[in-house]
Each structure stands twice: as structure tokens, then as C-alpha cells.
Amino acid sequence: MAEPLPLFPLQAVLFPGGLVGLKVFEARYLDLVARCLREGTGFGIVCLQQGRETGSAAQGVKLERVGVVVRLDEVDADGPGLLRVRGTGLERFRLTGKPGQQADGLWTCEVEDIAADALRAPGEAMQPTVQALQEAIRKLDEQGHQPFAEPYRFDDAGWVANRWCELLPVPLSAKQKLMELEDPVIRLSIVDGYLRDKSIVIG
């Protein structure tokens, strides 16, 4: 990425392939969304490691070093000066410089791309975890919830691991470490161990 990437700090961890919904009302982010729509570009979501990111100035803010680029899918006006934004996580990136704020308070930083997960099939030992995700999705669908974008890629270890990471009630710091792992099979193995430890998966 040749130019500094605009950043949207959140108290959340986005995974590649994940869905994100935002309510945008601050002028800096309204301008950012307008620019992304006009230029067909995205922005980066990065987890807040420390502090709160409100108003035009940093307040003891520390950002994680790895985030995910967001593609805007839908933008709707939800009242005067309020936008409802829906997007999809694409590739990961790593901050290569020190994040800074523009005059309007928008965070930006120079970044480098992180290669997408290699396509690796879940091993035979991981099939109970794959099946448990299929069942979780079925139950959520029955309740009227569709937390994941189709197509579902149950033959992709990284996709399965990422979707489980979004569902599990683990600390943000743990989700961040899982998202940063470059080997999707290791990520899925860690998730599998957690699910078995909690007796969510048996067999």
C-alpha cells in the first residue's frame, strides 16, 4: 500500500472474511466513508489495545499492530449525520510506522500487506469442530441470525477457524493473537483444543 491507510480503531477484532456493521456519526468517519465510496477504496479496522478513541484527539490510545482491511458493501443513511455501514473483512495488514492523527482526528499509518491464509483443508481430527460449526450456523439461522457471509467454506481450515473465533467468548487479546497467526491449521488446532476443553466438541 503506497499511501498511509486510514484506520478505524474499535474495541473488537475483525477477521478476514468476517462481517462488520458500524454506526458512523463523527465528521472524520463520515468523510472517510464518502471518500471510500467515491474512490472505491477501503479502510483498516484495528483493535484498540489501550485507551478510548473518541473525539478528535487521542486519549492514551494504543493500537494493535495487525488489522484487517474492510470493503464497504452497503451504506445507508440512518438519520441526519448518521450512516449505517456494513462491510466485509479482506486481507490483513501490519502497521510499519507510528500511527498518527490528521487535523480532523482521523488515524492513519503506513502498513504492509500480510499474505492471505493458504488454502488448507481441515484434517480428519478436526471434522467434529467443522461439524459443530455447521450445527451452530444452522441453529443461528433458525433464530433469524446470519452472522457469516456465504458461501460457507467448510473445506478451508482458515475460514472455519476464523468463524469460530468470531463466535467464541474469549478476550480480545486472545482473538487478536489468533487473527495474527499465519498458519491457519495451527489457528484451527488451537480453536479445536478450546472447544474440546469446554466440551463443546466431543469425539
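Residues numbered from 1 in each chain as written. Predicted model: local features only at pLDDT ≥ 70, side-chain atom pairs only at ≥ 80, totals over all residues. Heavy atoms only, no water.

As recorded in an unreviewed UniProt entry, the protein chain goes by the name Lon N-terminal domain-containing protein, listed as coming from Rubrivivax gelatinosus.

### Brief notes about the domain arrangement of the protein chain
A common measure of how large an interface is: the accessible area buried when the components associate. Per the domain assignment, the segments making up the protein chain are domain 1 (5–113) and domain 2 (124–198). Averaged C-alpha coordinates put domain 1 and domain 2 at centres separated by 24 Å. Listed per partner, the contact involves 16 residues of domain 1 and 17 residues of domain 2. Taking both sides of the interface into account, the surface hidden between domain 1 and domain 2 amounts to around 1,200 Å²; carbon and sulfur atoms contribute 61%. It is Val 13, Phe 15 and Arg 92 in domain 1 that bury the most area against domain 2; as a group they hold 46% of the surface buried on that side. At the junction of domain 1 with domain 2, the criterion picks out one salt bridge. (Domains from an automatic or database assignment. Contact = heavy atoms within 4.5 Å. Buried area = accessible area lost by both parts, 1.4 Å probe. Salt bridge = Lys/Arg side-chain N within 4 Å of Asp/Glu carboxyl O.)

### Focus: the pattern of salt bridges
Inspection of the entire model under this criterion finds 15 salt bridges. Across the pair Glu 182 and Arg 94 runs a salt bridge whose closest N-O atoms are separated by 3.7 Å. Here Arg 94 lies in strand β6 (residues 83–95) and Glu 182 lies in the loop between α4 (172–180) and α5 (184–197), a separation of 88 residues in the sequence. Residue classification places Glu 182 among the exposed residues on the basis of a relative accessible area of 56%. We note a salt bridge from Asp 156 to Arg 153, for which the minimum N-O separation is 3.1 Å. By sharing partners, the salt bridges in this structure join Glu 74, Asp 76 and Arg 86 into a single network. (Helix = DSSP H or I, 4+ residues; strand = E, 2+ residues; numbered from the N terminus. Buried < 20%, exposed > 50% of the residue type's maximum accessible area, 1.4 Å probe, protein only.)

### A look at the packing of aromatic side chains
Overall, the coordinates contain six aromatic pairs when judged by the stated rule. Judged by centre distance (5.9 Å) and plane angle (35 degrees), the rings of Phe 8 and Phe 43 are tilted. Of the two residues, Phe 8 is situated in strand β1 (residues 5–10) and Phe 43 in strand β3 (residues 43–52); the sequence distance between them amounts to 35 residues. Its relative accessible area of 1% is what places Phe 43 among the buried residues. Consider the rings of Phe 154 and Trp 159, whose centres lie 5.5 Å apart with planes at 85 degrees: the pair is edge-to-face. Residue classification places Phe 154 among the partly exposed positions, given a relative accessible area of 21%. A connected cluster of aromatic rings, assembled from ring pairs, spans Phe 148, Tyr 152, Phe 154 and Trp 159. (Phe/Tyr/Trp six-rings, centres within 6.5 Å; stacked < 30°, edge-to-face > 60°.)

### Focus: the nonpolar core
In this structure, Leu 7, Phe 8, Leu 22, Val 24, Phe 43, Ile 45 and Trp 164 are the most contacted members of the largest nonpolar core, which totals 55 residues. Among the elements that line this core, the one with the most residues is helix α3 (residues 157–167), at six residues. Counting residues domain by domain, this core receives three or more from each of domain 1 (5–113) and domain 2 (124–198). Among residues more than four places away in sequence, those in contact with Phe 43 are Leu 5, Pro 6, Phe 8, Leu 22, Leu 32, Cys 36, Val 68, Val 69, Val 70 and Leu 72. (Core = buried A, V, L, I, M, F, W, Y, C linked by side-chain atoms within 4.5 Å.)

### With respect to the environment of Ser 173
Within the secondary structure, Ser 173 sits in helix α4. Accessibility expressed as a relative area gives 44% for Ser 173, which makes it partly exposed. Distance from Ser 173 to Thr 129, taken between C-alpha atoms, is 22 Å for residues 44 residues apart in sequence.

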